[in-house]
Every structure is written in C-alpha cells, then in structure tokens.
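# Overview (structure and organization)
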Amino acid sequence: MEDSQQRVFIFDTTLRDGEQSPGCSMNPDEKLHLARQLEKLGVDIIEAGFPVASEGDFASVRQIAREIRGPQIAGLARANLRDIDRAWEAVREAASPRIHTFISSSDIHLKYQLKKSRKQVLKEACEAVKHACAFTGNVEFSPMDATRSDREYLSDMVEAVIDCGATTVNIPDTVGYAIPEEFGELIAYLFERVKNISKAIISVHCHNDLGLAVANSLSAVRNGARQIECTINGIGERAGNAAMEEIVMALGTRRGLFGLHTGIRTENIYQTSRLLTQITGVRVQPNKAIVGQNAFSHESGIHQDGLIKEKLTYEIMTPQSVGMPESHIVLGKHSGRHAIAKHLKQLGYDLRDEELARVFVRFKELADMKKDIFDEDLESILYEEVLRIEEKYKLVYLNVVSGNVAVPTATMQMEIEGKIAQDAGFGVGPVDATFDAIRKITKTNYSLMRYTVNAVTGGTDAQGEATVQLKYNGRSASGHGAHPDVLVASAKAYINALNRIEWIKKSESGGQTGKR
Ligand code: KIV
Ligand code: ZN
C-alpha cells in the first residue's frame, strides 16, 4: 500500500504562471482543452488563472472550475479582499475549489515595491488568509520572494498564516535565485522552526533563472515539501518554471532514492507537451529532457551497440513510459474516415462527429498533396480544426514569385468578415513579400517579434509548421499554421496571429482590472 506521507502533489500552473510568458497566451477554448488534458495526465491541482486580472481570465477560470471535475481548481489572488472575492467567485463551482493568495515577504519587495513594514505585511497576509478561509477550507498562501526573505520573518509568517487557517503554504523562489542545497536547507529550517507546520502541506514554486528550478524542487521534497508547483515544458515567467515532466520522471526513475510518488499517468506526458506546443507554437528544444525530439535517440555507435545488447546499458527510462510514439507512417490517400477516427483514438483524441468530419476533409486535402501522413501531420490538422478560434481574416489564395532575378512578389486574396479583398506585396524575400501583402490587405502593422518555420516530420514533402509572434498593446500574440508549402504555412500563421489579436481586443473590451 502507498504511504500518503510519501505522495507528492503536483500543482500545475501552466495556465497561470506559464500563460504569462511571452508568446504563451491562450484563449479560453485552448485553456479548457489543456485543462482536460491535465486532468487526463492526473495532476492534483490546476491553477487555472488569476481571476482579477481581466474579465477574460475570470470567465476562463470559472469555465474550467465548472467543467473539470477531477483535479482541484485554484484561482490566484493578491492578499486583498477584492482579489480574494473575485478568485472565490471564479472557482466556487469547482468540485474542489482552492484560493491561492500571496504577498511578498522579502525586505527588497517590502521596501521598493510594497513600501510597507514587515508588521503591516504580516497583518495583511493573516487578514487575507482569514478572509479566504471564510469561503473555503482549502486555502494556499505564498510568501513571494521567500528565498530572499529574512528566514525568521519568513518562518513567523508561515506560522501565522497556518494559525489563520492556510492548509498549504507555498515557498516560492520567485526570482530563481536559490541553489539546491541551500533551498533544501531552507525547507528543513521551516520544518524545524515553525511549530504548527504539520497542519499544512509545504509546497515549493521554483523559477528557472539559473537553470535550477527542477533541482531546487527535488531538493525541497527531500526535505519535507509535499507539493510541487510546475508547468508543462517548463514554460513561465522569464526562464520559466520547474518543468513538470522532469520532476515527475526524476521522482519515478529514482524512486529508490526519493521514496516518493506522484499521481501522474506518465504515459500521457508527451501528448500533453505536444498539445501545449500546438496551442502556443512555442517548441521545446530538441535536447529538452523527457519531451525533446532527441530525448530518447542514441547517435553514438558505442551507445547503439550497448542498446542492441541490453537496453539497460544506456536507457534509464523508456520512450513508451512518457508516451512518446515512434514516428511512423499512419495513413495515406486511401485511408477512410473510420481508420482516422480509430487512429486518433489511439493517440488519445476522442473527437465529436462534426470535428471528425472537418479533420477528415483536411486529411484528404493533405493526402492529395503528400503521400504519407504521420501522427504529427494529424496533430497539426487537429489543432487547426478542433481548436480553431473565431476567424475575422481568412486566406483565400496566395501566389508568390521569387528567385534571384525578380523582386519577390506575393499576390494574395483574403476574406475579411465575409468580404473578399486582394493586393500584392513586395519584399526582400518571399516571406517578407507575403507578410507585406497581408499587412496591406488587412490594413494592420503590428511589429513582428518572432517568425519560425520547422518541418513537422522528415522528408522534403514534409509540412512546414510556421509560428508568427506579433506585438499588440505590450502583449504578444502567437499564431501558427501548417502546410506542405512553407509560404502558405507562413501566411496562415500570420493570419492566425491577427485573429488572435482580434480575440484579445474583444476580451479586453470586457475591461482589464488587475496587473499580472
Ligand atoms: O513566482 C512567484 O512567486 C509566484 C507566486 C504568485 C506564487 O508565481
Ligand atoms: Zn511564479
């Protein structure tokens, strides 16, 4: 039997801290879709957002709270009554709601940001927790910038909020400053000094500024922490948060050392990572642990030789254990709708009839252009068809002339709210010309922050997957598109980013009320 003391709770903050990072913003449908996947993955708590930040954030947290019944649903709130009321309003319909409230505890933050005394901040922390406890018995408190705080003051604060009813106390390394041994010692110190610590679960939340977020989190659990806050693919503010897949696989692979377990169904890790990539267009680097393309491929002859003789020689975990499929041809021109539905089901996607119908039409179009259709091709179609956002702008056709003797020229036709518009664009290259045509037709001129193209699979007939990040109102909007013609993929990505900006504009007209 599993010992409950040895269980580490996984608190996923991809939809809150992760979503705050540049290029990772998601619309409500995408957030809900990801939340469903997180439920399937088996996370214990989903931090669904920061409800006071905007009407859009509020609505999205509430929708997740209503629809996701397995994991607990947390809403973030600063330590003030209005934030907490709003967070509660958003999560109250969850099967198991949680309010997560925070205030800084470091002198640096108190002096320069809050301009308040330690005494005042301690009082506000206690009042916030008491206020949240009036709504629910499931209250988490975080002393922000804990790792740069005075240890005695930090432990006084932890003790005080537990006395006020906090059931989880989270120790954030907000600026990613800690070193594993030191962070482990801080957790041990709190266990030693805080008298009522056994009444709460101690959690950690590490940022990756020094590349140590996962190591710090693991060091904390070795010293008594039993909740880890993390994100899929490690996305998050600046250098990101601790990557969930790395934490979970480290605890699982080295179970003999840690003696701890999580409730994560690891075979769903890869699919979750891919879904996030599809949604945000932000890819993981090929050598990323656990989910990178090369994470399980062995190039060295000596390693390959060892693996043939015995897998244990160079393999500490299997690709199957994280659900990484071998890339193989799945389907072709003659595959029927039933075969596609069956295959998608094997990949973990259970589509509604109308979704399947749309995917099938796109599949046939693609199969007419390219012989072999891979899992990755299906996933890119799936993303475009199932998670499609409302489209103000649509591509009708694109024709590009380029080469080393002509001025690259793109002629394009688009549909804008049902009306056809066309123009030609010029540039230093075909992509530049294509984007110029889009800007002219749509009469927009957002600055381009990032443009990338990758092949979805191998081979010269592979689909190109393009990502475009545009800057709008201090925020970034990412769009992406896939097509065997990389220029069409690029145009689709640009247009997708424009449609996302339209969506952001709409959600902003609901009013931004908080700062994140
Ligand atoms: O990094 C941080 O300190 C946070 C808190 C709100 C937990 O994200
Ligand atoms: Zn954070």
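Residues numbered from 1 in each chain as written. Chains lettered and ligands numbered in written order. Predicted model: local features only at pLDDT ≥ 70, side-chain atom pairs only at ≥ 80, totals over all residues. Heavy atoms only, no water.

In the first shell of the zinc ion (ligand 2), the protein supplies D17 (OD), H205 (NE2) and H207 (NE2), at 2.0 to 2.1 Å from the metal. Counting residues between consecutive donors of the zinc ion (ligand 2) along the chain gives the motif D-x187-H-x1-H. Residue H205 shares its accessibility class with H207, and that shared class is buried. (Donors = N, O, S within 2.8 Å, 3.2 Å for Na, K, Ca; no water. Buried < 20%, exposed > 50% of the residue type's maximum accessible area, 1.4 Å probe, protein only.)

We now examine the packing of aromatic side chains. Counting across every chain of the model gives 5 aromatic pairs. Centre to centre, the rings of W88 and F135 are 5.6 Å apart; their planes meet at 15°, and the pair counts as stacked. Placement of the pair is W88 in helix α4 (residues 81-91) and F135 in the loop between α6 (118-133) and β5 (139-144), with a sequence separation of 47 residues. Exposure remark for F135: the relative accessible area of 31% places this residue in the partly exposed category. Between F360 and F363, the aromatic rings sit 6.2 Å apart at their centres with planes inclined by 20°, giving stacked as the arrangement. Of this pair, F360 and F363 both sit in helix α15 (residues 353-369), separated by 3 residues, roughly a single helical turn. Here the aromatic cluster, defined as three or more aromatic residues joined through ring pairs, consists of F435, Y451 and Y494. Over the aromatic face of Y189 sits the side chain of R151, whose NZ or CZ is 5.3 Å from the ring centroid. (Phe/Tyr/Trp six-rings, centres within 6.5 Å; stacked < 30°, edge-to-face > 60°. Helix = DSSP H or I, 4+ residues; strand = E, 2+ residues; numbered from the N terminus. Lys NZ or Arg CZ within 6 Å of the ring centre and 35° of its normal.)

For the rest of this paragraph, the subject is the site of ligand 1. Lining the immediate surroundings of ligand 1 are R16, D17, H100, F102, S142, M144, N170, P172, T174, H205 and H207. Separating an oxygen atom of ligand 1 from a side-chain N or O atom of T174 is a distance of 2.6 Å. Here ligand 1 loses 94% of its free accessible area of 260 Å² to cover by the protein chains. Taken together, the elements giving at least two residues each to the shell around ligand 1 come down to α1 (14-18), β4 (97-104), β5 and β6 (168-173). Across the shell around ligand 1, the residue classes break down as 3 nonpolar, 6 polar and 2 charged. (Near = heavy atom within 4 Å. Polar contact = N/O pair within 3.5 Å; in protein donor to acceptor, adjacent residues only side chain to side chain. Areas by Shrake-Rupley, 256 points an atom, 1.4 Å probe, with all protein chains shown as cover. Nonpolar A, V, L, I, M, F, W, Y, C, P; charged D, E, K, R; others polar.)

Accessible area lost upon the coming together of the parts serves often as the stated size of an interface. Assigned domains of the protein: these are domain 1 (7-280), domain 2 (298-387) and domain 3 (393-508). Just the C-alpha atoms count here: the centres of domain 1 and domain 3 sit 37 Å apart. Every contact between the two is made by 11 residues of domain 1 and, on the other side, 8 residues of domain 3. Looking only at domain 1, the three residues that lose the most surface to domain 3 are G23, S25 and Q278, adding up to 42% of its buried area. Residue R500 pairs with E30 through a salt bridge whose shortest N-O separation is 2.1 Å. In terms of residue count, the dominant contributor to the side of domain 1 that touches domain 3 is helix α12 (residues 269-280) (4 residues). When its residues are assigned to classes, the side of domain 1 that touches domain 3 shows 4 nonpolar, 6 polar and 1 charged. (Domains from an automatic or database assignment. Contact = heavy atoms within 4.5 Å. Buried area = accessible area lost by both parts, 1.4 Å probe. Salt bridge = Lys/Arg side-chain N within 4 Å of Asp/Glu carboxyl O.)

Let's shift gears to the sheet that holds strand β15 (residues 464-472). Spatially, 3 strands are ordered β14-β15-β16 in an open sheet, and the strand pairing comes out antiparallel. Here the strands that pair on one side only, and so sit at the sheet edges, are β14 (447-455) and β16 (475-483). Geometrically, the sheet is characterised by an average inter-axis angle of 15° between neighbouring strands, direction not taken into account. Across 9 bridges, the pairing between β15 and β16 is antiparallel. Bridge pairing in β16 links T467 to H480. The strands that helix α16 (residues 375-386) touches are β15 and β16; relative to β16, the one it contacts most, it runs at about 125°. (Pairing = 2+ DSSP bridges. Axes fitted to C-alpha atoms, helices over the stretch in contact; angles between N-to-C directions.)

Moving on, we come to the pattern of salt bridges. Taken as a whole and judged by the stated rule, the model has 37 salt bridges. Of the charged contacts in the structure, one is a salt bridge between K31 and E19, with a shortest N-O distance of 3.7 Å. In this pair, K31 sits in helix α2 (residues 28-41) while E19 sits in the loop between α1 and α2, placing the two residues 12 residues apart along the sequence. Among the residues examined, K31 registers a relative accessible area of 5% and is labelled buried. Look at E19 and you get buried, because its relative accessible area is 4%.

Mapped onto the elements, R388 comes out in the loop between α16 and β11 (393-401). In this structure, the C-alpha to C-alpha distance between R388 and K309, residues 79 residues apart in sequence, is 47 Å. In contact with R388, other than residues within four places in its own chain, are R358 and Y383.

Right, let's talk about the packing of helix α14 (residues 337-346) against α15 for a bit. The geometry of α14 relative to α15 is characterised by a closest axis approach of 10 Å and an angle of 110° between their N-to-C directions. On the basis of their axis angle, the class for α14 and α15 is roughly perpendicular. Crossing angle aside, the handedness with which α14 passes α15 is right-handed. On the side of α14, the interface is formed by R337, I340, A341 and L344, while α15 contributes D353, L356, A357, V359, F360 and F363. Looking at the contact of α14 with α15 residue by residue, the class counts come to 8 nonpolar, no polar and 2 charged. (Parallel < 35°, antiparallel > 145°, perpendicular 65-115°, else oblique. Left-handed = near helix turned anticlockwise from the far one by under 90°.)

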